[in-house]
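Working through the structure, step by step
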Amino acid sequence: MIYCFGSYELSTDDYCLRKNNAEVTVEPKVFDVIIYLIENSDRVVTRDEFLSEVWKGVEVNDATLSNHIKNARAVLGDDGQAQTIIKTVRGRGYQFVSAVECTVSNAEDERAKAPQNTAVSHSKLTRGFMPFYAGALVLILGVLYFSFVYNKEPPTRSPTIAILPFKNLSTNLENDYFVDGIHGDLLSLVSRMDGVSASSLSSVRKYKASSLSASSIGKDLSVSNILEGQVQSFGEKIKIHVQLIDANSDKQLWAETYSRALNTENIFSIQNDIALSIAEQLNINLLNIDKTAPKRMPTRSLSALENYFKAQSLILQGTSRSVREASEALKKAIHDDPNFAEAYADLAMAELSLIYWSNEREDEQLSKAQKHAAKAIELSPNTSSAHLATAMLHKYQFRFDEAEASLQKAIRLDPQNGRALSEYGLLLLWNLGKPAEAVSQFLAVKKLDPTDDLTSINLASALNNSGRPNEAHELIDQVIARSPNFAPAYRVKSDIYYWQGHNLAKSQRFLSRNLALDPGVPFNSMIMSQVYIMVGDVERAQQWLLKTSQTAPGTGPAMLAEAMHKYYDGDRSALFNLYLKRPLDNNVIPELIYDLVTQGQKLQRLGEVEAYYRQEYAELFSPNPVVTSQNFIAAIQIGRMLMVSGEPELATDLLEQSLKVLSVPPYGGWNNRESDWRTRVYIALKKYDLALLAFNEYVDSGLGSMTILDDPIYSPLREFDEFNHAIERMVTRLEQEKLALKQMEGSGQVTLPF
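Let us look at the structure shown here. In this numbering scheme, every chain counts its residues from 1 along its sequence in written order. Residue-level local features of this predicted model are given only where pLDDT is at least 70; pairs of side-chain atoms are given and counted only at 80 or more, and the full residue set underlies all totals for whole chains, interfaces and linings. Hydrogens and water are ignored here; the side-chain numbers use all heavy atoms of the structure.

**Re unusual backbone geometry**
The residue Gln83 is not glycine, and still its phi comes out positive at about 55°. Residue position: Gln83 is located in the loop between α3 (62-75) and β6 (86-89). One non-glycine residue, Ser222, adopts positive backbone phi at about 60°. Note on placement: Ser222 falls in the loop between α9 (214-221) and β12 (225-234). Using a 1.4 Å probe on the protein chains alone, a residue whose accessible area is under 20% of its type maximum counts as buried, one over 50% counts as exposed, and one in between counts as partly exposed. By relative accessible area, Ser222 is classed as exposed at 55%. Secondary structure is summarised from DSSP: a helix means a run of H or I of at least four residues, a strand means a run of E of at least two, and numbering begins at the N terminus for each.

Given below as structure tokens:
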């Protein structure tokens, strides 16, 4: 068969490519690639199809295919920029797009005309020469085997590279943020290149001021190439010098200095040029970077870009102060460029983060975030970060299905958006009640960024909540070893001790370390107060409540802390009234400490409690309610109320459905294990034998609280010796924890509120 296209003629008979009748040298496998593309020119050929049909199951990587496509274009006078003959269809594969004429060769024509009744004579001839054929076959097979064994090329392995933090040669230290931003953007660009593995930002960050040689760093990170860089800005000019080094030999492979006018267009252009040069030096193709398509520059304002880079650096610090400063930097970026979509998206997420980090008024923060997220979508509907911001907004609004859909879209738009992948994991963990799936999600994120501290602590939380505390401990210890001042790691370490075995004193010790590093989060002060309530030290608990209200006056946690303080001073109405004004999911106080249904009975205001639940969870009052891991706490409370108000059928349905949800061990999460739900449900159903069994299991797991001693919910069990023995064991353990806390306070391991 002969295929003609342009000035080329390709013959499959003699395996020859000719241009203007002159033979062109082509490597055999490159020839196979060209033939396969021509024979399937009516469609796109996927990468997987190439590997299975052309390489016939031989294990090769993507870089091998990319190089063969590159060589095929070269012999056909095409290139990756023009793509007039072989076109890259981004995200799908390749297509032969040049017009092709097909003719039957002379050899094929002669074969078609040959008589078809030669089977007998051919058979005789074959038998006559069979010994010769057999000997020749053995010889050929021997040559082929020798050639395969001794000339086989080793399997191609994707090149690896670490792009080290660039050095700031400017005298202005504020330029550190700017230099870090240029470095981070370049690293992100290279990490999206097909056929190269780039070390993550968190992996290389520790080498910012390192004096280690390239070979030492290469060994540490298991990479074969190192890129170093320096940035200097002076007046209206910027100079960026980079060099690529072979990490095995410490030899320079390539170096370049870019000196241009200081503006955003040149900065993005330099980053792209460096990435292209890296690809050329490492012999890889930039399949995910279309060099002919115009790039959407996120901003043309240099000052906006500088503030955006500053915000990115601050967010990575993970403290309340840094998030607040990042928010201010993003506002400046938007002031300088009102069309900066990425800045709007990040500002929306920062405003939402401040609800936790600094406990700003939730209604105000949600309003701000909604405005910024909508603007980001309006300006750039195909930007991953805009959909990530929308997802986080939905999550704070308890619209979890919509949050999941937005996260999935953000990930489709950018499969390597580590933040979107992590947020999806957090949604699975804390909101969708799927800790095992969250573990899988965070493991996938960790492959992209093995030493990222935030990913590691999220994975540790998921492991802890999945009943794998030993793995969680090990992972958190690794984070603390490499980042001893990373405050959130100590919070997760505290959670692990709290949930697994209820080691309250140790939990408070690590929470104290968190507070020392980041004292501006009132939520953590609330947790300190709750632990003291559980061990029966109400005086110290009230001091922590006062500390909470002073840390962020006027915010939700501060108002909650003030109401709790009044509750322990004898004013029962303030906290009750506050509860009726807040969404149920916002109440972080365990029901074991404050139970709204019980308090409604005491205050003779149970009707108001029922109205509250009817408004918040109307679906649970329907004829066929469905209880899930998201609403089972409300279902239990409603069931208890309906038992009292005379609707036993619906009450029983809700309580029994809740028991099914509780049959899957909830190893973590607020209000799950610590509130002894199984015992409470069995008491409401008047199944006291099962309630006694559940309470003994609860105590034997190390859980408990001194508030149980006078909690009226447990009154039906107090006549049983089995219950009272369990109470004795619980009190003994809690008194030991209280003593340990006092000792740790004396040694300074547990911080004091004032």
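Following the structure, the description resumes.
**Examining the sheet that holds strand β4 (residues 22-24)**
Here we have five strands laid out as an open sheet, ordered β4-β3-β2-β1-β8, and antiparallel in their pairing. Here the strands that pair on one side only, and so sit at the sheet edges, are β4 and β8 (101-103). Along the sheet, successive strands turn relative to each other by an average axial angle of 25°, direction set aside. Two strands pair if DSSP finds at least two bridges between them. Inspection of the sheet shows strand β1 (residues 2-5) paired to strand β2 (residues 8-11) by four bridges, in the antiparallel sense. Each bridged residue has a counterpart across the sheet, and for Phe5 the counterpart in β2 is Tyr8. Note on geometry: axes are lines fitted to C-alpha atoms, helical ones only across the stretch in contact, with angles between N-to-C directions running from 0 to 180 degrees.

**Side note on the packing of aromatic side chains**
Ring geometry is summarised as follows: Phe, Tyr and Trp rings, the Trp one being its six-membered ring, pair when their centres sit within 6.5 Å, and such pairs are stacked at plane angles under 30 degrees, edge-to-face over 60 and tilted between the two. Following the criterion strictly, the structure yields 18 aromatic pairs and no others. Summarising the aromatic geometry, the rings of Tyr497 and Phe510 are spaced 5.6 Å apart at their centres and angled 10° between planes, so their arrangement reads as stacked. With Tyr497 in helix α21 (residues 487-499) and Phe510 in helix α22 (residues 504-517), this residue pair connects regions lying 13 residues apart in the sequence. The same class applies to Tyr497 and to Phe510, which are both buried. The interplanar angle of 50° and the centroid separation of 5.0 Å between the aromatic rings of Tyr579 and Tyr594 together place this pair among those described as tilted. Here Tyr579 is found in helix α26 (residues 573-579), whereas its partner Tyr594 is found in the loop between α26 and α27 (596-602), with 15 residues between them in sequence. Judged by relative accessible area, which is 4%, Tyr579 ranks as buried. Lying across the ring of Tyr490, Arg513 places its NZ or CZ 5.5 Å from the centre. Sitting over a ring, as applied to charges here, requires NZ of Lys or CZ of Arg to be within 6 Å of the ring centre and within 35 degrees of the ring normal. The ring of Trp677 has Arg680 lying over it, and the distance from NZ or CZ to the ring centre is 5.5 Å.

**Focus on the pattern of salt bridges**
We count a salt bridge whenever a side-chain nitrogen from Lys or Arg sits within 4 Å of a carboxyl oxygen from Asp or Glu. Inspection of the entire model under this criterion finds 24 salt bridges. Here Arg605 makes a salt bridge to Glu608, at a shortest N to O gap of 2.8 Å. The structure contains a network of salt bridges with shared partners spanning Asp595, Arg640, Arg680 and Asp711.

**Description of the sheet that holds strand β7 (residues 93-96)**
Spatially, three strands are ordered β5-β7-β6 in an open sheet, and the strand pairing comes out antiparallel. For this open sheet the edge positions go to β5 (45-46) and β6, each flanked by a neighbour on one side alone. With four bridges joining them, β6 and β7 adopt antiparallel strand pairing. Directly across from Ile86, in β7, lies its bridge partner Phe96.

**Some details on empty space enclosed by the protein**
In this analysis the probe radius is 1.4 Å and the grid spacing 1 Å, with only protein atoms considered; a cavity is a set of points the probe fits into but cannot get out of, a pocket is an open set with protein on both sides within 12 Å along at least five of seven lines, and lining residues have an atom within 4 Å of a point. Grid points are joined across faces, edges and corners, and a volume is the space filled by probe spheres set on the points. For the coordinates displayed, the defined rule picks out one cavity of 30 Å³ or more. Elements supplying a minimum of two residues to the lining of the largest cavity: α19 (453-465) and α21. Per element, the largest residue contribution to the lining of the largest cavity is three residues, and it comes from α19.

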